[in-house]
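Per-entry structural report
Okay, here's what each chain looks like letter by letter:
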Amino acid sequence: MASVTYEHVYKRFGDVTAVNDLNIHIEDKEFLVFVGPSGCGKSTSLRLLAGLEEISEGRILIGDQVVNDIPPKDRDIAMVFQSYALYPHMSVFDNMAFGLKLRKTPKEDIKRRVQEAAEMLGITELLDRKPRQLSGGQRQRVALGRAIVREPKVFLLDEPLSNLDAKLRVETRANISRLHQRLQTTFIYVTHDQVEAMTMASRIAVMNQGILQQVDTPQNLYDKPNNIFVAGFIGSPAMNFFNAYIRKDGDALYVDGGAFKVQIPEDRRGPYYDYVDKPIVFGIRPEDIHDPNFAPPGIKPQPVEAKVDVTELMGNEIFVYMNAGEHNFVARVDPRTSFRMGDSVQVAFNMENMHVFDRDTEQAVR
């Protein structure tokens, strides 16, 4: 078992900086997820740790050992890719055992490790089959099993669920989380899917354009994003953003969006006095916009007049796409809501969960 540390790590491809001054310490036995849009540098960061890419600058440590110049095979890591990369002519058993055979591991030890991994993953009855006889989910479990039998210090998983359908992704996501609990090993996982990140990670590292934006627990990222990018990336549907101003009226502070004006709760005003009459970005999540008839108790709602564009019934909730003047936004409301396309309605903003960002720097104002 081992911790992993990136110290001022850079990766450049010609004039392009794919990873820009990455600093992060991943604790032993932690499940850390790198998340971000395509091209943000998350997979490159993983490949640098695996030794599949050469570091341009900085150091990577596994435990206390700097691994910059250590060959991939000697880093004591195991990697699972988006592609299963199974040998089609070999049985499941032989695919899982292949790496151990190359290392001249004793036969009895190989058999024990493969059997244990197969039982853990529920694929014992598949050990004699060839990959072509397996479903996508089964192949992915074989690929995981091949990594498990190596008993590495660190597991690296690069978008391993991308080739699976929606149902299998949910199922395999749960299996990987159980696996982490059972193995008690450091897991580092890469995905562009923030739902995967939120449900699996003990901490999430959000990246954009090669730069680490924020590292925190899933709940803290959701509740206290550092900037507009993190706020918009974490959460589904994404946070609504409005160009607005902070206005003062007597002792009260308001967010003035032109088409609406909502009061800031008294206990939230402190950080915003410095922004009176200055341009800001006001953020509120869809789940904090309610039909007033079904608003939860204990919130401090502020009314906003809006027009309904589109409704999407999801069964347990309704997504309502709306506009207020020039502002378009989405609300996630109670399924009993009777809003219809074209209706002029009043919605309630829960200002307890409001967010304010500096319009120039895009950093959160707290």
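The structure we're discussing is the one just above.
Figured I'd write up the structure that's included with this text. (Residues numbered from 1 in each chain as written. Predicted model: local features only at pLDDT ≥ 70, side-chain atom pairs only at ≥ 80, totals over all residues. Heavy atoms only, no water.)

1. Considering the overall build of the protein chain
Helix and strand counts for the protein chain stand at 8 helices and 20 strands. Counting only C-alpha atoms, the protein chain reaches 80 × 45 × 35 Å along its principal axes. The buried share of the protein chain, reckoned over its 366 residues, is 49%. Pairs at least 24 residues apart make up 66% of the contacts formed inside the protein chain by residues separated by at least 6 positions. Entry remark: accessible area of the protein chain is about 17,200 Å², with carbon and sulfur atoms responsible for 46%. (Helix = DSSP H or I, 4+ residues; strand = E, 2+ residues; numbered from the N terminus. Buried < 20%, exposed > 50% of the residue type's maximum accessible area, 1.4 Å probe, protein only. Contact = heavy atoms within 4.5 Å. Areas by Shrake-Rupley, 256 points an atom, 1.4 Å probe, with all protein chains shown as cover.)

2. Details of a nonpolar patch on the surface
On the surface, a nonpolar cluster with roughly 280 Å² of combined accessible area is contributed by Val310, Tyr321 and Met341. For tyrosine 321, the location among the structural elements is in strand β17 (residues 318–324). (Patch = residues over 30% accessible without salt bridge, like charges linked within 9 Å, V, L, I, M, F, W, Y side chains within 5 Å. Salt bridge = Lys/Arg side-chain N within 4 Å of Asp/Glu carboxyl O.)

3. Quick notes on the packing of aromatic side chains
Evaluation of the coordinates by the stated rule reveals 15 aromatic pairs. For the pair phenylalanine 31 and phenylalanine 187, a centre-to-centre distance of 5.4 Å together with 35° between the ring planes defines the contact as tilted. Linking phenylalanine 31 in strand β3 (residues 31–35) with phenylalanine 187 in strand β8 (residues 186–191), this pair joins segments that are 156 residues apart in sequence. As far as the burial class goes, phenylalanine 31 and phenylalanine 187 line up, both buried. For phenylalanine 31, a relative accessible area of 2% puts it in the buried group. (Phe/Tyr/Trp six-rings, centres within 6.5 Å; stacked < 30°, edge-to-face > 60°.)

4. Regarding the pairing of strand β16 (residues 301–313)
In this structure, β16 lies alongside strand β19 (residues 344–350), joined through 7 bridges in antiparallel fashion. Bridge pairing in β19 links proline 301 to asparagine 350. If you look at the hairpin formed by β16 and β17, you'll find 4 residues sitting between the two strands, and glycine 315 has a positive phi there, around 95°. (Pairing = 2+ DSSP bridges.)

5. Description of the sheet that holds strand β18 (residues 327–333)
Taken in spatial order, the 5 strands of this open sheet run β15-β19-β16-β17-β18, and their pairing is antiparallel. Of all the strands in the sheet, just β15 (289–290) and β18 have a single pairing partner and so form its edges. Sheet topology places β15 next to β19; 2 bridges connect them, and they run antiparallel. Its bridge partner lying in β19, histidine 290 is registered against alanine 348.

6. Notes on the nonpolar core
Formed by 44 residues in total, the largest nonpolar core has its most connected members in Met96, Leu157, Ile176 and Tyr189. Among all residues touching methionine 96, those that are not within four sequence positions of it are Val114, Ala117, Ala118, Ile123, Leu127, Val142, Gly145, Arg146 and Val149. Judged by nonpolar contacts, the second largest core, of 32 residues, contains Ile246, Val262, Ala306 and Val345. (Core = buried A, V, L, I, M, F, W, Y, C linked by side-chain atoms within 4.5 Å.)

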